[in-house]
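Close look at the chain arrangement
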Amino acid sequence: MQILRVPSRPRPLLGRLLALGITLSFAAGCGSPASPAPTTSSPSSLPSATQTPAASAPTPPSAPAPSPTTIALSQSPALGGERLTVLLVGLDHTTEREFSELTDTLIVASLDPVASTVSLLGLPRDLTDFPLPGGATYRQKLNSVYAEIRANPGRFGGAAGDEPYDVLAGVVSNLIDVPIDHWAAIDMDGFAGMVDELGGVDAYVANPICDPGYRQLGLRGFEAPAGWWHLSGPQALGLARVRHDAGGSDFQRLRRQLNLLTQIRDAIVAAGATDDPLGWLAKVPSIRTDLAPETIVAAAGIAGGVSPGRIHSRLVQPFGSGGTEAYDDRGYVLSANLDEIREIASLLFSDVGTRPTTGRQEAPPDKPATLPELPRFNGC
C-alpha cells in the first residue's frame, strides 16, 4: 500500500478529510493540503493535498449533464468509471494538550465520476453497539476504535503489521455495508494550518454560536453571529469543533463540519489548487492518505466539474436516522440501528451513474462581495 506523506509530524484525522476532499476536491474540497509532489513513505505522516468534500445547495431539478472534460476524466484508468469512496478521519489532537488517538470526525465521502456527484455520510463519535467484521458487537464508542486497532488489530479484522487506517476503513465499511477504497487523515493543528494556507475560508453560520469555554490554538472563547464571515484557520477549527454553545450538540457540530467541507472546497477551487493538487497538498503538513498520486489528480479534475447542487450529505443521528439515544455506564451513547444506517447509505451511495435520492442540502444565502473578518471572542 502506498501512503502519501508531507514532511511534518504524523497527525491523522482531518487528513482523511483532506485526502478525500482532494479526491472530492472532490470538486476541490475536502480540505487540506502546489508544487512539489508528495513522496511515498511508511504509514505515518502524509504530505498530501486535500480538498474538502462539500455539503451543498439543493440541486436544481434539471441539473446539467457532465461536461465532455468530466466524461473523459471519468474514464481515467485511475478511477475506471467507478465510485471512489474515501474515509475522512479527523483526530482529536492538538499540540496544546495531551496526545489523543480519538477519531472524533469520521466522514465517508464518495465521488461518482459518471453522474458527477459527491456523497458525504457523517458518523457521530458516540455511535456504538455495531458489528465488527468478525461478527462481534462493539460496545464502546466509534471514536475509540482507531486507538484499539493500534493495540489489537485482530479484534477488528486486521493482522499485526496492517495499517490501522486500513483496518478502520474496514470496520466502517462493514458498519454501513458500502465498500471503502481509501482513507485520508489529519489532526486539528493540520486542519487549521490547511485553512491558513488557503488564506482563510468564507463560511456561513446559520445560527449564532457562543461558547465562552472553548480553548484551542490560541482562541479563548468562540463566538460567531449568524451570517457570512471570513475565518482564519483556528476560527474554522472552532466552527467545526464547538459543541458546548447554547443548544449545541455533536450532531449540530457534525452538520457544520459537512457544510464547512463544502466551503473549504470552494476556497480550494478559488485558490487554483485543482490545477496542481499534488503541489498544493505538499504545502500542507500533517496529512496522511493511501490515495495514489494519479488517483488524486484524476479525482481533482473531475471534482472541478461537480456543481454545489450535486453534493448530497446525511448524518447518522437519532429519531429514524440510524441511532437510538441512551445514557448508561458508558455515558451518552447512540446505539446503532443497522437497518436504518444501511438504508441511508444505500440511498446516498447509489449505483454509479445514478443520482442519490437523499441528502440534498439547502443553499446558504448569497454571499456578499466582501466579507468581514470574524472578530475575536468578546463575551456573549
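About the criteria used
Residues numbered from 1 in each chain as written. Predicted model: local features only at pLDDT ≥ 70, side-chain atom pairs only at ≥ 80, totals over all residues. Heavy atoms only, no water. Axes fitted to C-alpha atoms, helices over the stretch in contact; angles between N-to-C directions. Helix = DSSP H or I, 4+ residues; strand = E, 2+ residues; numbered from the N terminus. Parallel < 35°, antiparallel > 145°, perpendicular 65-115°, else oblique. Contact = heavy atoms within 4.5 Å. Nonpolar A, V, L, I, M, F, W, Y, C, P; charged D, E, K, R; others polar. Buried < 20%, exposed > 50% of the residue type's maximum accessible area, 1.4 Å probe, protein only. pLDDT = per-residue confidence, 0-100. Core = buried A, V, L, I, M, F, W, Y, C linked by side-chain atoms within 4.5 Å.

**What to know about the packing of helix α6 (residues 233-241) against helix α7 (residues 250-270)**
Orientation of α6 relative to α7, taken along the N-to-C sense of each, is 135 degrees, at an axis distance of 7 Å. The angle between the axes of α6 and α7 places the two elements in the oblique class. Contact residues: α6 offers A236, L239, A240 and R241, while α7 offers R253, R256, Q257 and L260. Partitioning the contact of α6 with α7 into residue classes produces four nonpolar, one polar and three charged.

**Notes on the side chain of Q257**
With respect to the element layout, Q257 can be found in helix α7. Relative accessible area serves as the criterion here: at 9%, Q257 is assigned to the buried category. Not counting chain neighbours up to four residues away, the residues in contact with Q257 comprise T105 and A240.

**Regarding the confidence of the model for the protein**
Residues at a pLDDT of 70 or more form 77% of the protein, whose mean pLDDT is 78. Scored below 50 in pLDDT, residues 1-76 makes 373 contacts in the model with residues more than four places away or belonging to other chains.

**Notes on the environment of D196**
Of note, D196 is situated in helix α5 (residues 188-197). By relative accessible area, D196 is classed as partly exposed at 42%. On a C-alpha basis, the gap between D196 and G233 in space is 4.8 Å, while along the polypeptide they are 37 residues apart. Once residues within four sequence positions are removed from consideration, D196 is found in contact with S232, G233 and P234.

**Structural notes on the nonpolar core**
Counting residues in hydrophobic clusters, the biggest one holds 90 residues, and the most contacted among them are L87, L121, L123, L168 and I176. The contact partners of L123, leaving out residues within four places of it in the chain, are L106, V108, L142, V172, L175, I176, L254 and V316.

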